[in-house]
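# Report on the structure
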Amino acid sequence: MENTFDKLPFQPADILMPTGCDMTLWSVVACDQYTSQPEYWQRVEERVGRAPSSLRLILPESSLEGPHVETDIMDINNTMAHYLREGQFETLSQAMIYVERTLDCGKVRRGLIGMVDLDCYDYESGSGAPVRATEGVVLSRIPPRVSVRKNAPIELPHAMLLADDPERTVIEPLSAQKNSMELVYDFDLMERGGHIAGWKLGPAQLRQVAAALTALADPAAFAERYHAQGAPVMLFAVGDGNHSLATAKECYERQKRLVSPQQWSSLPARFALCELVNLHDDSLEFEPIHRVVFQTEPDKLLEGLVAYYPGARRGDFPDGHSLRYVCAEAEGVITVPKTAAQLPIGALQQFLDDYLTNHPGRTDYIHGDDVTREFAAKSGNIAFLLPPMAKEELFPAVVHDGVLPRKTFSMGEAHDKRFYLEARKIR
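The paragraphs below set out a description of the structure included in this document. Everything quoted here is computed from the prediction, not taken from an experiment.

## Some thoughts on the overall build of the protein chain
For the protein chain, the count of helices and strands is eleven helices and 21 strands. Taking 427 residues into account, the globule formula puts the C-alpha radius of gyration at 22 Å, and the protein chain, at 22 Å, falls close to it. Overall, the protein chain is about 65 × 55 × 50 Å in size when its C-alpha atoms are taken along their principal axes. When burial is assessed residue by residue, the protein chain has 56% of its 427 residues classed as buried. Long-range contacts, defined as pairs at least 24 residues apart, comprise 77% of the intrachain contacts of the protein chain with a sequence gap of at least 6. Total accessible area on the protein chain is roughly 18,400 Å²; 49% of this is exposed by carbon and sulfur atoms. Taken as two groups, the 43 positive and 60 negative side-chain charges of the protein chain have centres that lie 3 Å from each other.

Below you can see the structure in the form of structure tokens.
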């Protein structure tokens, strides 16, 4: 079949699928979830036991700064090599997989597994690349993640790309064609992950997807949609896994420096496996990511916030950004001028970054109001409850303003995040 994906940044891949194992035990949630809830990962550890599992192939971010991180990384790489040697995977050659994920709430999220060309991806603010980050990448967070990936023989993706496809031309038509595609997996996910099923696209479906993506990438249509005449086309935005994809990009750039430019196109590291989702999927809801500052002095932090922005004041006023806080002693609102930033999270994050440079405390990013309030109720902690962002604002904001503040939004609750399942060789 003629490769109709040649000029597109999203392509079929040689996908490794686990075989001969309990898929519910194999598949675990993205490593950047539940970072302040070690009991979650302990439950998963106990449930998986000695069974083959992607848990053995990833490092939860809560362990990135642990005392045994180097040994943990070595164990992960050894397990990857062992799984490859022992035939734990079968290969789906030049494949895409149509995915239906039934979430815990009952809604179905549709996606498409393939690989993104990292030469077409850039996480720098103001980039004109076809694939762009949605949030600011914290460069200090890249090196420890590179340590996990740089010697790994395979990757397991949790990155999700978003396409702005209001007419539902790329992914949704596949739903009616499931009977003509090969069922690859169909099972329940653990820990409120819901259910997942996937079908391998046939030649007709691959041509259909390529044609729809090509139309979506048309420069004239892009310029009209975003009132961006002459601007380079942004076909995809990274919805989840910004730092994961940035890490893959860094590892690829390192490999490029070791070989001639003629060899770059043949490097497996040039691509990264990911899932493509339509921004307009009915199940896709943007949830706020709240901030909790641990081991600080809440009263002094609030005083610092009011003093940080001229015109900031305690109370909820309509002429500014309302920053709602809760701690063991009290809860309330501080209003800062809208001139401080375009979004409330921008104003808050800038202050926290500066304040915590010279004051005690550490910030974590928490999903869900209830969990956030539980942390805030403990002495020495303070939480800021942020409003949700309308998902229709995402592409225009990135096209015109560049990346958003980090952790501006989340696509659903933590248990709705992508679970590790498919893999791909990167060496």
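Next comes the rest of the account.
## A few points about the nonpolar core
Most often, soluble globular proteins have nonpolar side chains that are buried together. With 49 residues, the main nonpolar core has I15 and Y185 as its most contacted residues. Among the elements that line this core, the one with the most residues is helix α3 (residues 69-85), at five residues. For Y185, the residues in contact, after removing those within four places along its chain, are M17, M23, I97, V99, I196, A197, G198, L421 and E422. By size, the runner-up hydrophobic cluster in this structure holds 44 residues, among which are A163, W199, L216 and L235.

## A closer look at the state of the cysteines
Joining two cysteines, a disulfide is a covalent bond between their sulfur atoms. Within the structure shown, the criterion is met by zero disulfides. Not engaged in a disulfide, the cysteine C21 finds its nearest cysteine sulfur in C31; these two sulfurs lie 20 Å apart.

## Observations concerning the pattern of salt bridges
Between side chains of opposite charge, a pair can form as their charged atoms come close. Summed over all chains, the structure comprises 22 salt bridges. D119 is paired through a salt bridge with R270; the nearest N and O atoms lie 3.5 Å apart. Pair noted here: D119 is in the loop between β5 (108-117) and β6 (121-122) and R270 is in the loop between α7 (242-256) and β13 (271-278), with a separation of 151 residues, a long-range link. Residue R418 pairs with E275 through a salt bridge whose shortest N-O separation is 2.7 Å. Placement of the pair is R418 in the loop between β20 (409-411) and β21 (424-425) and E275 in strand β13, with a sequence separation of 143 residues. By the burial criterion, R418 is buried, and E275 matches it.

## Focus: helix α4 (residues 142-149)
Every buried residue of α4 is accounted for by I142, R145, V146, V148 and R149. Projected down its long axis, α4 carries its buried residues within an arc of 155°, all on one side. Residues of α4 that are buried in the fold lie against α3, β8 (154-155), α7 and β13.

## As for the packing of helix α8 (residues 298-308) against helix α9 (residues 344-358)
α9 packs onto α8 with a crossing angle of 120° between their chain directions and a minimal axis gap of 11 Å. Considering the angle they form, α8 stands oblique to α9. In the crossing of α8 with α9, the sense of the turn from one axis to the other is right-handed. For the pair formed by α8 and α9, the contact residues are K300, L301, G304, L305 and Y308 on the first element and Q350, F351, L352, D354 and Y355 on the second. Taken together, the residues that form the contact of α8 with α9 break down as six nonpolar, two polar and two charged.

## Looking at the packing of aromatic side chains
Summed over the entire model, instances satisfying the criterion amount to 15 aromatic pairs. The side chain of R313 reaches across the aromatic face of F317, ending 3.9 Å from its centre.

## What to know about helix α2 (residues 38-48)
Of the positions making up α2, those classed as buried are Y40, W41, V44 and V48. In a view along the axis of α2, the buried residues occupy a sector of 90°, so they form one face of it. More than 90 degrees from the buried face of α2, the exposed residues found are P38 and E46. Those residues of α2 that are buried lie in contact with α1 (23-26).

Reading the values: the criteria
- Residues numbered from 1 in each chain as written.
- Predicted model: local features only at pLDDT ≥ 70, side-chain atom pairs only at ≥ 80, totals over all residues.
- Heavy atoms only, no water.
- Helix = DSSP H or I, 4+ residues; strand = E, 2+ residues; numbered from the N terminus.
- Rg over C-alpha atoms; globule rule 2.2 N^0.38 Å.
- Buried < 20%, exposed > 50% of the residue type's maximum accessible area, 1.4 Å probe, protein only.
- Contact = heavy atoms within 4.5 Å.
- Areas by Shrake-Rupley, 256 points an atom, 1.4 Å probe, with all protein chains shown as cover.
- Lys, Arg positive; Asp, Glu negative; His and termini not counted.
- Charge placed at Lys NZ, Arg CZ, Asp CG, Glu CD.
- Core = buried A, V, L, I, M, F, W, Y, C linked by side-chain atoms within 4.5 Å.
- Disulfide = S-S within 2.5 Å.
- Salt bridge = Lys/Arg side-chain N within 4 Å of Asp/Glu carboxyl O.
- Arc of directions from axis to C-beta.
- Axes fitted to C-alpha atoms, helices over the stretch in contact; angles between N-to-C directions.
- Parallel < 35°, antiparallel > 145°, perpendicular 65-115°, else oblique.
- Left-handed = near helix turned anticlockwise from the far one by under 90°.
- Nonpolar A, V, L, I, M, F, W, Y, C, P; charged D, E, K, R; others polar.
- Phe/Tyr/Trp six-rings, centres within 6.5 Å; stacked < 30°, edge-to-face > 60°.
- Lys NZ or Arg CZ within 6 Å of the ring centre and 35° of its normal.

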